[in-house]
Every structure is written in C-alpha cells, then in structure tokens.
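Examining the three-dimensional arrangement
Residues per chain are reported as follows:
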Amino acid sequence: MLGRSPTATAALANQEYGEALQHLRLLRRNDPLDPAVWFLSGNANVGLGRLSETNACYTTFLDLIPNSHLGFFYRGRCRFEQEDWVGAHADFNNALKLKPDFTAALLNRGLVRQKLGRFAAAESDFSKAIDAGKVSTRVYFLRSQVRQQMGDTDGARADWQQGLDATPNDEQAWIARGTALARRAPREALRDFDAALA
C-alpha cells in the first residue's frame, strides 16, 4: 500500500511530519494491517515530538511484526525519551535478542542501565560496543562517566583522554568532544561544535 503513496514518504524525507501524518492516516484507514504505515507513522510522530502517539504506533507495528529488532529499538528510543527506563531496557534487550550484533541497541541499553543505576552493566555494554567497533567515539566519554560513578577514577581518566584523542566520527561525537574541551580549550571546543554543525 505504501508504495502507491509516494507523497507520504516524500513528506517524511522533507521533514514535513504533519503532512506525512495526514497521508499516513488515510493509508491506515484503507489498510490498518500494513505494518510499514504504522512504523512510518511512529517516525512522523517523533518528528512532531508526540511521544505517546509514537509509542502507540511502534507498539502496533510490533503487534503486526513481533520479531522486528528495529521495532523494538525505535520503541525503546521513544520510551527512553519518555523516561520509561524499565520499558526502554526491555525493548533494547529484545532488540539484542533478535540481533545480538546491533551496536546501537547495545549503546542505548548502556545509557538506560546508567539511568537505572546499574553502572557495572552499563560499563559492560559500553565496553562491548567499543570492542565491536563502528561506534561513535563519544562512547569513551559515556564509559568514562560510568566508571567515575563506580569509583574507577583511573579508568574514567583513561577513557576521557581516549575520547579527547579520538577523531570524532559523527555529529554526537563532535558535540561530546567539544563539551569535554569547553572549559580548558574553548577555541578547540568551538571548532568541534562547528564540525558538528557541518
């Protein structure tokens, strides 16, 4: 059904989320069992900051395709934004059961575990993400923070330095390093923030 409505996908691609939702609502009325329409409705609601609706759309998508690691991951991200740490943790666990090498889910589960005060488990997730490679260099700052919370000052310091020394590889990494540099090297921090904007 979705393939016959390029307007919905075009609106999403152009970040015109309200317009996309109008088209997607029509598609849902015509075919309420089309999982792609529910998934994209979730994405459109994220763009509008409507987290309750986002959660509901991803939940319906998972009712239709219960073995989708992406469905669990995106609902987990939504629940994280809603500060539903327990629900987000369950979703990231399910995503990792379905796709054990899903580094983004591992990183996000580490963030949730940190929020839950499970620092050793969070450190383990961040370490596994680092070992897997292809992860944002900001993970060194995340693991540094968790190690500090665990009282591992030397490990926290080593990770902090590694985060500073690594060349950022995505927008969030540039921001993380810029933030880390802000107090002691404000000009370098500004360069990192400019790189993030670029």
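Located above this text is the structure these notes cover.
Note that the structure is a prediction, hence the values are computed from the model and not measured.

Each value, and the rule that gives it
- Residues numbered from 1 in each chain as written.
- Predicted model: local features only at pLDDT ≥ 70, side-chain atom pairs only at ≥ 80, totals over all residues.
- Heavy atoms only, no water.
- Helix = DSSP H or I, 4+ residues; strand = E, 2+ residues; numbered from the N terminus.
- Contact = heavy atoms within 4.5 Å.
- Expected span 1.5 Å × (residues − 1).
- Buried < 20%, exposed > 50% of the residue type's maximum accessible area, 1.4 Å probe, protein only.
- Polar contact = N/O pair within 3.5 Å; in protein donor to acceptor, adjacent residues only side chain to side chain.
- 1 Å grid on protein atoms, 1.4 Å probe; cavity = no way out; pocket = protein on both sides within 12 Å on 5 of 7 lines; lining within 4 Å.
- Points joined across faces, edges and corners; volume = space filled by probe spheres on them.
- Nonpolar A, V, L, I, M, F, W, Y, C, P; charged D, E, K, R; others polar.
- Salt bridge = Lys/Arg side-chain N within 4 Å of Asp/Glu carboxyl O.
- Core = buried A, V, L, I, M, F, W, Y, C linked by side-chain atoms within 4.5 Å.

Structural notes on the side chain of aspartate 91
- The residue aspartate 91 is located in helix H6 (residues 85-98) in this model.
- When near neighbours in sequence (up to four residues on either side) are disregarded, aspartate 91 contacts Phe72, Arg75, Gly76 and Arg79.

What about helix H3 (residues 35-47)?
- With 13 residues, H3 ought to run about 18 Å at 1.5 Å a step, and its terminal C-alpha atoms sit 19 Å apart, in line with that.
- Of the residues making up H3, those classed as buried are Val37, Trp38, Phe39, Leu40, Ser41, Gly42, Ala44 and Asn45.
- A side-chain oxygen of the first residue of H3 lies 3.1 Å from the backbone nitrogen of alanine 36; this N-cap is aspartate 34.
- Directly beyond the C-terminal end of H3, a positive phi value near 75° is found at glycine 49.

Looking at the layout of surface pockets
- For the largest pocket, the calculated volume is near 230 Å³.
- Lining the largest pocket are 13 residues, and of these Ala104, Leu107, Asn108, Arg138 and Gln172 lie nearest its centre.
- Elements supplying a minimum of two residues to the lining of the largest pocket: helix H5 (69-81) and helix H7 (103-115).
- Along the lines of polarity and charge, the residues of the lining of the largest pocket split into five nonpolar, four polar and four charged.
- Put simply, the second largest pocket is a space of about 160 Å³.
- In this structure, the second largest pocket is lined by Arg138, Phe141, Leu142, Gln145, Trp160, Gln172, Ile175 and Ala176.
- Looking at the lining of the second largest pocket, the elements with two or more residues in it are helix H9 (139-150) and helix H11 (171-181).
- Of the residues in the lining of the second largest pocket, the class split is five nonpolar, two polar and one charged.

Structural notes on the pattern of salt bridges
- Counted under the stated rule, the structure contains 11 salt bridges.
- For aspartate 101, the salt bridge goes to lysine 99, with nearest N and O atoms at 3.4 Å.
- Judged by its relative accessible area of 55%, aspartate 101 falls in the exposed class.
- Between arginine 147 and glutamate 123 there is a salt bridge whose closest N-O contact spans 2.6 Å. Remark: glutamate 123 occurs in helix H8 (residues 119-132) and arginine 147 occurs in helix H9; sequence separation between them is 24 residues. You'll find arginine 147 and glutamate 123 in the same group, each marked buried.
- Through salt bridges that share partners, Glu123, Arg143, Arg147 and Asp159 make up one connected network.

A short note on the nonpolar core
- Formed by 39 residues in total, the largest nonpolar core has its most connected members in Leu24 and Phe126.
- With near-sequence residues (within four places) excluded, phenylalanine 126 lies in contact with Leu107, Gly110, Leu111, Gln114, Val139, Leu142, Arg143 and Val146.
- Counting residues in each nonpolar core, the second largest holds five residues, with Phe141, Leu164, Ala176 and Ala180 among its members.

Read these as geometric descriptors, not functional statements.
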